[in-house]
Protein chains: 2
Amino acid sequence: MLMRIDHIGIACHDLEEKIALFSGLFDLEVVTREVNEEQGVKEAMLRIAGDSYIQLLEPLSEDSPVGKFLAKRGEGVHHVAFGVPDVAEAMEEVAGRGARLLDEAPRHGSMGSSIAFLHPKDVGGMLTELVQAAKPR
Amino acid sequence: MLMRIDHIGIACHDLEEKIALFSGLFDLEVVTREVNEEQGVKEAMLRIAGDSYIQLLEPLSEDSPVGKFLAKRGEGVHHVAFGVPDVAEAMEEVAGRGARLLDEAPRHGSMGSSIAFLHPKDVGGMLTELVQAAKPR
């Protein structure tokens, strides 16, 4: 079902500062910068290798999910995303195995992908995202 | 410098329970089970794809690093590990760029690997591990 670790989503207070930190420390290329109003974040994808990325997330407001996460836990890993061939199929499979989904239908993720989140309590405390890439990247 | 996201380390109270959860939910193969006395954990590696894994970590005692993490934060992502060609070289590079290392020299990781940890405060709040695989896996 899972094809790869697609990305590690990291919550931060200052996107540009953390882009400079991660790209400088590990020689990472910044592939995209986006604003996702629906999720209340501005974000950047930094390529580790192939289809694996670090995703940096700065909240657009304090009452967005990432804003609340930062207030409670501070900066650090917010979620982990796994690549799947078909996100709607994967949602059905994991739901059939008892994991609760936070999304009823796939929504828009980074770089034109379709995504869905699983409840962290059903995945060992890890907020888990399923990602279907828009096209071969 | 980074070749892949090698693994996501997840702290848990009951290793066998979480092996059953993750392998059942995502059809993951359990590649190894190990006890690492030095790090105070028993652990399992579940393959996502290729050289990417979920690593499940149960502390051997409450005063081990993972035991303290669980007491403070609960179950969830403990660290993220990136594959590097040569861990000693990578340690020198990141130290030269201002990141603090938690290890003075490489130590033993899962499946015969050599590893070193970076201070989470210097990597956006993410406890970060560098991994040199024992051999082509």
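Residues numbered from 1 in each chain as written. Chains lettered and ligands numbered in written order. Predicted model: local features only at pLDDT ≥ 70, side-chain atom pairs only at ≥ 80, totals over all residues. Heavy atoms only, no water.

1. Re the relation of the copies chain B and chain A
Right, so step 1: Taken as rigid bodies, chain B and chain A are interconverted by a rotation of 180 degrees and an axial shift of 0.0 Å, the fit giving an RMSD of 0.0 Å. In the structure described here, the two chain copies are related by an operation that fits a two-fold rotation axis.
Right, so step 2: When the interface residues of chain B are mapped onto chain A, 100% of them are again interface residues, pointing to one common binding face. (Least-squares fit on C-alpha atoms with pLDDT ≥ 70 in both. Contact = heavy atoms within 4.5 Å.)

2. A few points about helix 3 (residues 87–96) of chain B
Right, so step 1: Those residues of helix 3 of chain B that fall on the buried side of the exposure criterion are Val87(B), Ala90(B), Met91(B) and Val94(B). Buried residues along helix 3 of chain B cover an arc of 105 degrees about the axis, so they all sit on one side. Across from the buried face of helix 3 of chain B, at angles greater than 90 degrees, the exposed residues are Glu89(B), Glu92(B) and Gly96(B).
Right, so step 2: Each element contacted by the buried residues of helix 3 of chain B is listed here: helix 1 (15–26) of chain A together with strand 7 (114–118) and strand 8 (128–132) of chain B.
Right, so step 3: If you check the start of helix 3 of chain B, you find a side-chain oxygen 3.1 Å away from the backbone N of Ala88(B), and it comes from Asp86(B). (Buried < 20%, exposed > 50% of the residue type's maximum accessible area, 1.4 Å probe, protein only. Helix = DSSP H or I, 4+ residues; strand = E, 2+ residues; numbered from the N terminus. Arc of directions from axis to C-beta. Polar contact = N/O pair within 3.5 Å; in protein donor to acceptor, adjacent residues only side chain to side chain.)

3. Concerning the sheet that holds strand 3 (residues 41–49) of chain A
Two strands in a sheet stick together by hydrogen bonds in their backbones, pointing the same way (parallel) or opposite ways (antiparallel).
Right, so step 1: What the eight strands build is an open sheet, ordered 2-3-4-1-5-8-7-6 (chain A); its pairing is mixed. What marks the edges here is a single partner per strand, and that holds for strand 2 (29–36) and strand 6 (107–108) of chain A. (Pairing = 2+ DSSP bridges.)

4. A look at the pattern of salt bridges
Residues and elements named next belong to chain A.
Right, so step 1: In the structure shown here, the tally under the stated rule is 18 salt bridges over all chains.
Right, so step 2: Residue Glu75 is joined to Lys18 by a salt bridge in which the shortest nitrogen-to-oxygen separation is 3.0 Å. Pair noted here: Glu75 is in the loop between helix 2 (65–73) and strand 5 (76–83) and Lys18 is in helix 1, with a separation of 57 residues, a long-range link.
Right, so step 3: On the basis of relative accessibility, which here comes to 25%, the residue Glu75 falls in the partly exposed class. (Salt bridge = Lys/Arg side-chain N within 4 Å of Asp/Glu carboxyl O.)

5. So, helix 1 (residues 15–26) of chain B
Right, so step 1: Helix length check: helix 1 of chain B, at 12 residues, gives a terminal C-alpha distance of 16 Å against a target of 16 Å (1.5 Å per residue), a fit within 8%.
Right, so step 2: Asp27(B) lies just past helix 1 of chain B and shows a positive phi near 60 degrees. (Expected span 1.5 Å × (residues − 1).)

6. Brief notes about the nonpolar core
In summary, soluble globular proteins display a tendency toward joint burial of nonpolar side chains.
Right, so step 1: Ranked by size, the top nonpolar core spans 58 residues in total, and within it Ile8(A), Phe26(A), Ile8(B), Phe22(B) and Phe26(B) carry the most contacts.
Right, so step 2: Here Ile8(A) is in contact with Tyr53(A), Ile54(A), Gln55(A), Val77(A), His79(A), Val80(A), Ile5(B), Ile8(B), Val80(B) and Met126(B), once residues within four sequence places are set aside. (Core = buried A, V, L, I, M, F, W, Y, C linked by side-chain atoms within 4.5 Å.)

7. Points about the interface of chain B and chain A
Right, so step 1: With 38 residues of chain B in contact, the opposing surface of chain A contributes 38 residues.
Right, so step 2: At the boundary of chain B with chain A, total buried surface from both sides reaches about 2,900 Å², with 71% on carbon and sulfur atoms.
Right, so step 3: Considering only the side of chain B, the residues that lose the most area to chain A are Ile5(B), Leu25(B) and Phe26(B), jointly responsible for 22% of the buried surface there.
Right, so step 4: Viewed at the interface, chain A and chain B are joined by two salt bridges. (Buried area = accessible area lost by both parts, 1.4 Å probe.)

8. Quick look at the sheet that holds strand 8 of chain B
All names here are of chain B.
Right, so step 1: Taken in spatial order, the eight strands make up an open sheet running 2-3-4-1-5-8-7-6, and their pairing is mixed. Of all strands in the sheet, those with a lone pairing partner are strand 2 (29–36) and strand 6 (107–108), marking the two edges.
Right, so step 2: Sheet topology note: the strand 6/strand 7 ladder contains two bridges and is antiparallel. For Arg107, the partnering residue across the bridge sits in strand 7 and is Ile115.

9. What to know about the pairing of strand 7 of chain B
Residue and element names in this part refer to chain B.
Right, so step 1: A large share of strand 7 lies buried, amounting to four of its five residues.
Right, so step 2: In this structure, the hairpin formed by strand 6 and strand 7 is closed by a connection of five residues, where Met111 is found at a positive phi of approximately 55 degrees.
Right, so step 3: Bridge count for strand 7 against strand 8 is five bridges, and the pairing is antiparallel. Counterpart to Ala116 in the pairing with strand 8 is Leu130.

10. A short note on the packing of aromatic side chains
Right, so step 1: Applying the stated criterion across every chain yields a total of four aromatic pairs over all chains.
Right, so step 2: Where Phe82(A) meets Phe26(B), the ring centres are 6.0 Å apart and the plane angle is 50 degrees; that geometry is what we call tilted. With Phe82(A) in strand 5 and Phe26(B) in helix 1, this residue pair bridges two chains. Summarising the burial analysis for this pair, Phe82(A) and Phe26(B) share the class buried.
Right, so step 3: With a centroid separation of 6.4 Å and 45 degrees between ring planes, the pair formed by Phe22(B) and Phe26(B) is classed as tilted. (Phe/Tyr/Trp six-rings, centres within 6.5 Å; stacked < 30°, edge-to-face > 60°.)

11. Some remarks on unusual backbone geometry
Right, so step 1: At Asp27(A), a residue that is not glycine, the phi angle is positive and equals roughly 60 degrees.
Right, so step 2: Counting through the fold element by element, Asp27(A) comes out in the loop between helix 1 and strand 2.
Right, so step 3: A positive phi angle, close to 55 degrees, is found at Met111(B), a residue other than glycine.
Right, so step 4: Mapped onto the secondary structure, Met111(B) falls in the loop between strand 6 and strand 7.
Right, so step 5: For Met111(B), a relative accessible area of 17% puts it in the buried group.

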